[in-house]
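# Close look at the chain arrangement
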Amino acid sequence: MMNRLQDKVALVFGAGSSGPGWSNGKAAAVAYAREGAIVVAIDQVENAARETVALIETEHHQALAIQADVTDTTAVTAAVERAMQAFGRIDVLHNNVGTTVMGGPMELSEEAWNRSLDINLGSVYRTSRAVLPYMLKQGRGVIINISSLAAIRWTGYPYFAYYTAKAAVNQATVALAMQYARHGIRANAILPGAVDTPLIYREISSQYASVEEMRAARNRAVPTGKMGTALDIAHAAVFLASDEAAFITGVCLPVDGGQSCVMGGVEVR
């Protein structure tokens, strides 16, 4: 531990894990805590948020669990206000909530299309809207949005709404960075490539004949020969949240083992 975030308050939306193991949000919350931050773990599933907090507290760090649905403006606002009441400041906003919905324009229902955008993109709008007034008053803050390699390239999966939403998250991040740069607020996005998290077993594995085939195909797609881990994403987030990245804003950073550098390299489905 380097204490790069000592006494900072970090709000992590999507801090729970959807299954056994490390989700990107859970890993980020724990990584922030290990660097000295006070973590507010927010998740739609209260028990998932509590599980993350329990892990943080086991390592003798401070954290608070809050239940909130990022598609509910009132719930998001209440979660942010509760964090302010508890700790008096917000230094880091980490947006991790996301979901994939398979289907192109012909297969997606309008309801599924709207829900995908509401979760993947609307979450960034609602959380930023709630947090920015406090960051502006402080004169500083960091926003980190978890986007995806799917924001900038075809990844082999037919999830039209996800591609669209994550591309918008990238540009939303740039817009936040530029609008608030003179106010001491930085905003950056992280674009995970093929990462081994619980989400892929729940939302991606159906695209393969078996889980083993999925793992093998995703490993082959990465130039380094192996999928990344949630902690790989979390370590990038810690750096971007720290003062070491004080001159970095408006960046959409692939964390993907070089996958974004490869032309093709994925099975077209």
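For the structure, see preceding data.
Remember, predicted model here, so these are calculated numbers, not experimental data.

## As for the packing of helix α4 (residues 110-120) against helix α5 (residues 122-138)
Viewed as axis vectors pointing N to C, α4 and α5 meet at an angle of 35 degrees, and their least axial separation amounts to 3 Å. The residues of α5 that touch α4, namely those facing L117, D118, I119 and N120, are G122, S123, V124 and R126.

## Some thoughts on the side chain of S128
Assignment of secondary structure puts S128 in helix α5. For S128, a relative accessible area of 4% puts it in the buried group. Residues within four places of S128 in sequence aside, it is in contact with L93, N95, P133, I143 and L176.

## Considering helix α1 (residues 24-34)
Counting buried residues in α1 gives ten out of eleven residues, a clear majority hidden from the surface. Burial in α1 covers these residues: N24, G25, K26, A27, A28, A29, V30, A31, Y32 and A33. Once α1 finishes, G36 follows within two positions and takes phi at roughly 100 degrees, a positive value.

## A short note on the nonpolar core
The biggest cluster of nonpolar side chains holds 35 residues, and the ones touching the most others in it are Y32, V39, I56, I144 and I190. Among the secondary structure elements, those contributing two or more residues to this core are β1 (9-13), α1, β2 (38-43), α2 (46-58), β3 (63-67), β5 (141-146) and α9 (230-241). The biggest single contributor to this core is α9, with eight residues. With residues near it in sequence (within four places) discarded, V39 still touches A10, V12, A29, Y32, A33, I56, Q62, A63 and L64. If you look at the next biggest cluster of nonpolar residues, it comprises 29 residues, including V9, L11, V76 and V80.

## Considering the packing of aromatic side chains
Geometrically, a pair of aromatic rings is defined through the distance of the ring centres and the angle of the planes. One pass over the structure, following the stated rule, counts six aromatic pairs. Centroid distance W113 to F160: 5.6 Å. Interplanar angle 25 degrees. Geometry classified as stacked. A residue pair is termed long-range when its members are at least 10 positions apart, and W113 in helix α4 and F160 in helix α6 (residues 160-180) qualify at 47 residues. Where Y157 meets Y159, the ring centres are 5.6 Å apart and the plane angle is 55 degrees; that geometry is what we call tilted. For Y159, a relative accessible area of 5% puts it in the buried group. Among the aromatic residues, ring-to-ring pairing joins W154, Y157, Y159, Y162, Y163 and Y208 into one connected group. Of note, K26 hangs over the ring of W22, and the distance from its end group to the ring centre comes to 5.5 Å.

## Considering the environment of R153
Inspection of the secondary structure assignment puts R153 in the loop between β5 and α6. Judged by relative accessible area, R153 falls into the buried class, the value being 17%. Note: C-alpha distance between R153 and Y163 (ten residues apart in sequence) is 8.2 Å. Here the side chain of R153 touches Q259 through a polar contact of 2.6 Å, landing on its backbone oxygen.

## What about the pattern of salt bridges?
Tallied over the full model, the rule gives nine salt bridges. One salt bridge connects R4 with E35, and the closest N-O pair in it is separated by 3.3 Å. On the criterion of sequence distance, the pair formed by R4 in the segment before β1 and E35 in the loop between α1 and β2 is long-range, its members being 31 residues apart. When its relative accessible area of 24% is taken as the criterion, R4 is described as partly exposed. Among the salt bridges present, the one from E59 reaches R34, with a minimum N-O distance of 2.7 Å. One end of the pair, E59, is in the loop between α2 and β3; the other, R34, is in helix α1, and 25 residues separate them in sequence. Beyond isolated ion pairs, a larger network of salt bridges with shared partners links R4, E35 and E244.

Rules and cut-offs
- Residues numbered from 1 in each chain as written.
- Predicted model: local features only at pLDDT ≥ 70, side-chain atom pairs only at ≥ 80, totals over all residues.
- Heavy atoms only, no water.
- Axes fitted to C-alpha atoms, helices over the stretch in contact; angles between N-to-C directions.
- Helix = DSSP H or I, 4+ residues; strand = E, 2+ residues; numbered from the N terminus.
- Contact = heavy atoms within 4.5 Å.
- Buried < 20%, exposed > 50% of the residue type's maximum accessible area, 1.4 Å probe, protein only.
- Core = buried A, V, L, I, M, F, W, Y, C linked by side-chain atoms within 4.5 Å.
- Phe/Tyr/Trp six-rings, centres within 6.5 Å; stacked < 30°, edge-to-face > 60°.
- Lys NZ or Arg CZ within 6 Å of the ring centre and 35° of its normal.
- Polar contact = N/O pair within 3.5 Å; in protein donor to acceptor, adjacent residues only side chain to side chain.
- Salt bridge = Lys/Arg side-chain N within 4 Å of Asp/Glu carboxyl O.

Spatial relationships are all this shows, so hold off on functional conclusions.
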